[in-house]
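# Observations on chain architecture
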Protein chains: 2
Amino acid sequence: MAATIKDVARLAGVSQSSVCRALAAPDQVRPATRERVHQAAAQLGYRPNRVARSLSTGRTGNIGLVLPDIANPFFPGVVKAVQRRAREFDLAVLLADTDEDPAAELELISTMTKQVDGFLLCSPRASDEDLRSVSGDTPVVFVNRRVGRLPSVNFDSADGIRQAITHLAALGHRRVAYVAGPRSSWVNRERLRSIRSVATAMDLEVVEAGNVTPTLEGGIAVADQILAASVTAVIAFNDMIGLGLLSGFNARGVNVPADISVVGFDNIPTAGLVNPPLTSVDMPKEQCGRSGVELLVQLLNDREGRAGSRRLLPTQLIVRGSTGPAART
Amino acid sequence: MAATIKDVARLAGVSQSSVCRALAAPDQVRPATRERVHQAAAQLGYRPNRVARSLSTGRTGNIGLVLPDIANPFFPGVVKAVQRRAREFDLAVLLADTDEDPAAELELISTMTKQVDGFLLCSPRASDEDLRSVSGDTPVVFVNRRVGRLPSVNFDSADGIRQAITHLAALGHRRVAYVAGPRSSWVNRERLRSIRSVATAMDLEVVEAGNVTPTLEGGIAVADQILAASVTAVIAFNDMIGLGLLSGFNARGVNVPADISVVGFDNIPTAGLVNPPLTSVDMPKEQCGRSGVELLVQLLNDREGRAGSRRLLPTQLIVRGSTGPAART
DNA sequence: TTGAAAGCGCTACCAC
DNA sequence: GTGGTAGCGCTTTCAA
């Protein structure tokens, strides 16, 4: 049986309270006592029981990390950073993969809510209303989504889109397609908005396709539709879709970038590996994960504190072989 | 404030105990009472506090999932399956990424140990001795590693290697390289063993390279060394290294598979996307995750039960464009 | 079938 | 500075 605080107290010849203090608030205890306690604890290999602690403090030392699909290579980068930063705050990470399902998302949040101090909701698919209510019960930081003025970490997609479209325009493209991701994705809606406004401003024509799943399959499925749209370039909601397009085009013998240019978002590791490599708008995933944890921790400390802050991270177009001059018509 | 069991009891006009039973052991309570309790619970939106439950039952309803690097695309597939199966058993998943560091691994395990019922250790990097001691304290299922006769889920690497080498031999290769992964990886040691024995049996010559990190960078770094070894084929510890090799070869103007064939392990999603696509030994990741959870649950129920069972999952060589006939010399 | 009550291990408040 | 003690919310005897 693992040693409890009582065992330590007995061995050190002090009370439970003193043990507790010696470990939690070393300066409120006489050095000699502290020393005895530490020795006893070490001798017994005492590890405080976090569960018991949670029950009395109301804090669990856990954070919930919820995301739609860990198999999308965008997320592992974020998860890793979250993990690392969380550990530095002595927080454990409870992971939940919702499989892109808004109902599952809410259900998971609801079952986890009692065992975490707060949530990091990455690209949540639920409605603003539902998310707002979650945020009412528990501290929440949104990642890749904005819900009113609630705390969030976002990427500057609008600027990424501006970079992408400027790039395509400079290459001579006048008519481009946008392959939309999930309707439930806030980022998708944002990107669509930005594309429309930037394209208008630059006098480009935009063809909208999709609402496909943000997966390879989604991209492959929509490839023929894009070819039929007689555009010279296509912007995909994310790199997975972009890679699917490349694969679909390749299957049809369509040459990228000679016949059509492709741009994705996220700059996942695979983007640079395929042939031609995929031009993509990079999102600083590490920074995102770190910032998310930091904001959440801040929120946890400012108990009931002022409405949290929001962070906007810069994006950067990475030009690779999948974009090139538009064919002369 | 969230409703507690007391609130439900009061509203239903029964005792705490009855509420508890009505929810946990419905058949030990008169239907009428049960009904009242359920109604009250629903009305208050009561969700039992898992932390409190843990304290009294000693079970947390959490499992710890520990792995060396979530950014390696092999793992998300496993994680997803684990997640899904765990939910079906009403278990939450605590994730820990050790960054390939055996010390961090043990530290993480040790801090998590009180808040989980058991561990799923994926490709753990610590020593047998350390892992055995973990397994002494807490139920553990090893994934991608064998430690004595302790419960584990493994892939039949030996057979995968047999398939790979048979394939290469049939293509006329007589001298192949093996790029080893981390020294701390049990799977790496196993594969090395198998390769040696299979190659000897088939009268192939094997050149051993590496002990590189199982990443793209690892593969890229070792590419020139492989070219210098005058082999006609190379087997990489995993697909990440394999992809790195492809990339490195490409940078040197070496043609795959005309000049050299490449085989990887894991069949990660990216393997089929690159050009040429990477021949790889597929590991059934979904099944692995599911089996892991099932074994662990079984272990948790057979409290102190008989030494757990072990599962060996089949592997399958997926032949793609990165392997071809050996050049005549 | 139901209720009262004793903990699970820890923290935090209140006396000393 | 230190010790006693009352909970945190739930489960689980033990009686009734």
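Residues numbered from 1 in each chain as written. Chains lettered and ligands numbered in written order. Predicted model: local features only at pLDDT ≥ 70, side-chain atom pairs only at ≥ 80, totals over all residues. Heavy atoms only, no water.

### Focus: the protein's contact with DNA strand D
Contacts to DNA strand D come from 25 residues, most closely from S18(A), R21(A), T33(A), I5(B) and Y46(B). The sugar and phosphate moieties of DNA strand D supply 56% of its atoms located within 4 Å of the protein. I5(B) places a main-chain nitrogen or oxygen 2.5 Å from a phosphate oxygen of DNA strand D. The side chain of S56(B) places a nitrogen or oxygen atom 2.8 Å from a sugar or linking oxygen of DNA strand D. Of all the secondary-structure elements, those providing two or more residues to the surface near DNA strand D are α2 (16-24) and α4 (50-57) of chain A together with α2 (16-24) and α4 (50-57) of chain B. (Near = heavy atom within 4 Å. Polar contact = N/O pair within 3.5 Å; in protein donor to acceptor, adjacent residues only side chain to side chain. Helix = DSSP H or I, 4+ residues; strand = E, 2+ residues; numbered from the N terminus.)

### Regarding the packing of helix α10 (residues 216-228) of chain A against helix α11 (residues 239-251) of chain A
Residue and element names in this part refer to chain A. Where α10 meets α11, the closest approach of the two axes is 7 Å, and the angle between their N-to-C directions is 55°. Relative to α11, the element α10 lies oblique. Considering the relative orientation of α10 and α11, their crossing is right-handed. Contacts between α10 and α11 involve L216, G219, I220, V222, A223, I226 and L227 from the first element and M240, I241, L243, G244, L245, S247, G248 and F249 from the second. (Axes fitted to C-alpha atoms, helices over the stretch in contact; angles between N-to-C directions. Parallel < 35°, antiparallel > 145°, perpendicular 65-115°, else oblique. Left-handed = near helix turned anticlockwise from the far one by under 90°. Contact = heavy atoms within 4.5 Å.)

### Observations regarding the nonpolar core
Membership of the largest hydrophobic core comes to 151 residues, with the highest contact counts inside it found for I226(A), L245(A), F249(A), I226(B), L245(B) and F249(B). The contacts of F249(A), once residues within four sequence positions are left out, are A223(A), I226(A), L227(A), V234(A), V254(A), V256(A), I260(A) and V262(A). Counting residues in each nonpolar core, the second largest holds 32 residues, with L94(A), F119(A), V66(B) and L108(B) among its members. (Core = buried A, V, L, I, M, F, W, Y, C linked by side-chain atoms within 4.5 Å. Buried < 20%, exposed > 50% of the residue type's maximum accessible area, 1.4 Å probe, protein only.)

### Points about helix α6 (residues 102-112) of chain A
Structural remark: α-helix, 3.6 residues per turn; residues separated by three or four positions point the same way. Residues of α6(A) that are buried include every one of A104(A), E105(A), L108(A), I109(A) and M112(A), and no others. Viewed end-on, α6(A) has its buried residues packed into an arc of 135°, placing them on one side of the element. On its buried face, α6(A) sits against β1 (62-67), β2 (92-97), β3 (118-122) and α7 (128-137) of chain A together with α5 (74-88) of chain B. In this structure D101(A) caps α6(A), since a side-chain oxygen of it lies 2.8 Å from the backbone nitrogen of A103(A). (Arc of directions from axis to C-beta.)

### Some words on the sheet that holds strand β11 (residues 310-313) of chain A
On the basis of which strands lie adjacent, the open sheet formed by 12 strands has the order β11(A)-β5(A)-β4(A)-β3(A)-β1(A)-β2(A)-β2(B)-β1(B)-β3(B)-β4(B)-β5(B)-β11(B) and mixed pairing. Each having just a single partner strand, β11 of chain A together with β11 (310-313) of chain B make up the two edges of the open sheet. The average undirected angle you get between the axes of adjacent strands in this sheet is 20°. Alignment of β3(A) against strand β4 (residues 140-143) of chain A, held across 4 bridges, turns out to be parallel. Bridged to L120(A) within β4(A) is V141(A). Its contacts with the sheet put helix α5 (residues 74-88) of chain A on β1, β2, β3 and β5 (152-155) of chain A together with β2 (92-97) of chain B, and the angle it makes with β1(A) is roughly 175°. (Pairing = 2+ DSSP bridges.)

### Some details on the pattern of salt bridges
Counting across every chain of the model gives 37 salt bridges over all chains. Between D97(B) and K80(A) there is a salt bridge, and its shortest N-O distance comes to 3.1 Å. Here D97(B), found in strand β2, pairs with K80(A), found in helix α5, and the two come from separate chains. D97(B) sits in the buried class, given a relative accessible area of 6%. Accessibility expressed as a relative area gives 10% for K80(A), which makes it buried. Notably, a salt bridge pairs D99(B) with K80(A), separated by 2.9 Å at the nearest N-O pair. (Salt bridge = Lys/Arg side-chain N within 4 Å of Asp/Glu carboxyl O.)

### So, the side chain of R191(B)
Residues and elements named next belong to chain B. Topologically, R191 is positioned in helix α9 (residues 186-201). Although R191 is buried, it makes no salt bridge; D266 carries the closest opposite charge, 4.2 Å away. Apart from residues no more than four positions distant in its own chain, R191 is found in contact with S157, I161, Y178, F237, F265, D266 and M283. (Lys, Arg positive; Asp, Glu negative; His and termini not counted.)

### Regarding the protein's contact with DNA strand C
Close contacts around DNA strand C come from 25 residues, with I5(A), Y46(A), S18(B), R21(B) and T33(B) the closest. In DNA strand C, atoms within 4 Å of the protein come from the sugar-phosphate backbone in 58% of cases. Between R53(A) and DNA strand C, the recorded distance is 2.8 Å, taken from a side-chain N or O atom to a phosphate oxygen. A distance of 3.4 Å is found between a base oxygen of DNA strand C and a backbone nitrogen or oxygen belonging to L55(B). If you list the elements that add at least two residues to the surface near DNA strand C, you get α2 and α4 of chain A together with α2 and α4 of chain B. Among the elements that take part in the surface near DNA strand C, α4(A) stands out by supplying 5 residues, more than any other. Grouping the amino acids of the surface near DNA strand C by side-chain chemistry returns 10 nonpolar, 11 polar and 4 charged. (Nonpolar A, V, L, I, M, F, W, Y, C, P; charged D, E, K, R; others polar.)

### Details of the packing of α2(A) against helix α3 (residues 31-44) of chain A
All names here are of chain A. With their axes 9 Å apart at the nearest point, α2 and α3 run at an angle of 95° to one another. Regarding the angle of α2 to α3, the classification is roughly perpendicular. Contact residues: α2 offers V19, A22 and L23, while α3 offers R34, V37 and H38.

### Thoughts on the pairing of strand β9 (residues 261-266) of chain B
Residues and elements named next belong to chain B. Within β9, 6 of the 6 residues are buried, which leaves the element mostly enclosed by the surrounding structure. Across 3 bridges, strand β8 (residues 233-236) lies against β9 in parallel orientation. Counterpart to A233 in the pairing with β9 is S261. For the segment spanning β8, helix α11 (residues 239-251) and β9, crossover handedness is right-handed. Pairing geometry for β9 and strand β10 (residues 279-282), over 4 bridges, is parallel. Paired with G264 across the bridge in β10 is S280. (Right-handed = clockwise from strand over helix to strand, strands pointing away.)

### Brief notes about the sheet that holds strand β12 (residues 316-318) of chain B
All names here are of chain B. Read across the sheet, 6 strands follow the order β7-β6-β8-β9-β10-β12 without closing on themselves; strand pairing throughout is mixed. In the strand order of this sheet, the two ends are held by β7 (205-210) and β12, each with one partner. Ignoring which end each strand starts from, the neighbouring axes of this sheet average 20° apart. Of the strand pairs in this sheet, β10 and β12 are connected by 3 bridges, and their pairing is antiparallel.

### Quick look at the UniProt feature "domain: HTH lacI-type" (unreviewed entry) in chain A
UniProt records the feature "domain: HTH lacI-type" (unreviewed entry) for residues 3-57 of chain A in the present numbering. The distance from the first to the last C-alpha atom of residues 3-57 of chain A is 20 Å, and the span holds 71% helix and 0% strand. (UniProt positions renumbered as here; feature names shortened; annotations may be inferred.)

### So, the packing of aromatic side chains
Using the criterion set out here, one finds 4 aromatic pairs over all chains in the structure. On the numbers, 5.0 Å between centres and 80° between planes, the contact of F74(B) with F75(B) is edge-to-face. The buried category is assigned to F75(B), whose relative accessible area is 4%. Aromatic pair F74(B) and F155(B): ring centres 6.1 Å apart, planes at 80°, arrangement edge-to-face. Highlighted residues: F74(B) in helix α5 and F155(B) in strand β5 (residues 152-155), separated in sequence by 81 residues. By the burial criterion, F74(B) is buried, and F155(B) matches it. Members of the aromatic cluster, joined through ring pairs, are F74(A), F75(A) and F155(A). (Phe/Tyr/Trp six-rings, centres within 6.5 Å; stacked < 30°, edge-to-face > 60°.)

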